[in-house]
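# Close look at the chain arrangement
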Amino acid sequence: MIFSNIKDIDLNDKSSWIDNIFLTFDIDWASDDVLEYTLNILEEYNIKATFFVTHETSILERMRKNPNIELGIHPNFNPLLKGDFKYGKNIDEVMQYYKSIVPESVSVRSHALTQNSTYLSLLKKYNITYECNSYIPKNSNIELKPYLHWDKILIRVSHFWEDDLHCIYKDSWNVKKYLNYKGLKVFDFHPIHIYLNTEDLNRYESARNCFQNTDILNKKMNKDFFGTRNFLERILQG
């Protein structure tokens, strides 16, 4: 199996994506302990992965030293939509905030997959050439592929699996079913779900108030059922 970064996708070279696996991670303000837990798993297998970043952390420097890791940004527009300007007064300022954390980023996935035409048009200003906001589940029976946006610069990359939505769909944890998929294979994980080994969103919700407390999270961890961490490890094992 070939593991690739989102930035490796070349629309002029089908081999850059057609049989490749793209592991992506929305870090969603995970604590350093939770983030390192995921990073340790990936570094054990020495494979490429893309992380969409929400916040400053010293772990970013460790990631930057790993040539397998691509850092993108994961801007949160939810406060702006509610009239809260904590990240900026408009879309442009929110993008400035997140781009300042990862100035080298060329890929983006918004928190909650928020997007609109104004946002898409702004991405070239920030040297973003890969946009990953569309979730189209495998059970849609649509064969995905990356495609060029109308500006002839932006490459749009959909994902067909996401850990929290997998739990909502209550779909099978059959890894082979996903690895044998013929289209673009982009997986979207969250470090908190890997740490908890989430198999059901009730587990996640029960831990919501203690995400920064590793001791409590350890007690909430799923050790009895096949879950998100097991799914990731099965992908890595092929």
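Please refer to the structure higher up on the page.
All of the points below concern the structure found in this document.

### Some points on the packing of aromatic side chains
Inspection of every chain in the model, using the stated rule, returns 20 aromatic pairs. Judged by centre distance (5.6 Å) and plane angle (25°), the ring pair of phenylalanine 25 and phenylalanine 189 falls under stacked. Here phenylalanine 25, found in strand β2 (residues 20-26), pairs with phenylalanine 189, found in strand β10 (residues 185-189); they are 164 residues apart in sequence, far enough to count as distant. With respect to burial, phenylalanine 25 and phenylalanine 189 carry one shared label: buried. On the basis of an interplanar angle of 35° and a centroid distance of 5.2 Å, the ring pair of tyrosine 204 and phenylalanine 211 is categorised as tilted. The rings of Phe25, Phe51, Phe160, Trp161, Trp173, Tyr178, Tyr181, Phe187, Phe189, Phe226 and Phe231 are connected pair by pair, giving a single aromatic cluster.

### Some words on the packing of helix α1 (residues 32-45) against helix α11 (residues 228-237)
At their nearest, the axes of α1 and α11 sit 10 Å apart, and the two run at 15° to each other. When the axis of α1 is compared with that of α11, the two are roughly parallel. Of the two elements, α1 crosses α11, and the hand of that crossing is right-handed. Contact residues: Tyr37, Ile41, Leu42 and Tyr45 in α1; Arg229, Leu232, Glu233, Leu236 and Gln237 in α11.

### A look at the pattern of salt bridges
With the rule as written, the count across this model stands at 14 salt bridges. Between arginine 109 and aspartate 26 there is a salt bridge whose closest N-O contact spans 2.8 Å. A residue pair is termed long-range when its members are at least 10 positions apart, and arginine 109 in the loop between β5 (107-108) and α5 (117-122) and aspartate 26 in strand β2 qualify at 83 residues. Given a relative accessible area of 0%, arginine 109 falls into the buried group. Accessibility expressed as a relative area gives 3% for aspartate 26, which makes it buried. Where glutamate 61 meets arginine 64, a salt bridge forms, and the shortest distance between an N and an O atom there is 2.7 Å. Of this pair, glutamate 61 and arginine 64 both sit in helix α2 (residues 59-64), three residues apart, roughly one helical turn. Assessed through its relative accessible area of 31%, arginine 64 is described here as partly exposed. Each of the salt bridges in this network shares a partner with another, and the network as a whole consists of Asp26, Arg109 and Asp188.

### Digging into the state of the cysteines
Under the counting rule described, the total for this entry stands at zero disulfides. Sulfur of cysteine 210: no disulfide; nearest cysteine sulfur belongs to cysteine 167 and is 17 Å away. A relative accessible area of 8% means that cysteine 210 is categorised as buried.

### What to know about the side chain of asparagine 197
For asparagine 197, the position within the fold is in the loop between α8 (191-196) and α9 (201-206). Judged by its relative accessible area of 1%, asparagine 197 falls in the buried class. Setting aside residues no more than four positions away along its own chain, asparagine 197 makes contact with Asn222, Phe225, Gly227, Thr228, Arg229 and Asn230.

Basis of the calculations
Residues numbered from 1 in each chain as written. Predicted model: local features only at pLDDT ≥ 70, side-chain atom pairs only at ≥ 80, totals over all residues. Heavy atoms only, no water. Phe/Tyr/Trp six-rings, centres within 6.5 Å; stacked < 30°, edge-to-face > 60°. Helix = DSSP H or I, 4+ residues; strand = E, 2+ residues; numbered from the N terminus. Buried < 20%, exposed > 50% of the residue type's maximum accessible area, 1.4 Å probe, protein only. Axes fitted to C-alpha atoms, helices over the stretch in contact; angles between N-to-C directions. Parallel < 35°, antiparallel > 145°, perpendicular 65-115°, else oblique. Left-handed = near helix turned anticlockwise from the far one by under 90°. Contact = heavy atoms within 4.5 Å. Salt bridge = Lys/Arg side-chain N within 4 Å of Asp/Glu carboxyl O. Disulfide = S-S within 2.5 Å.

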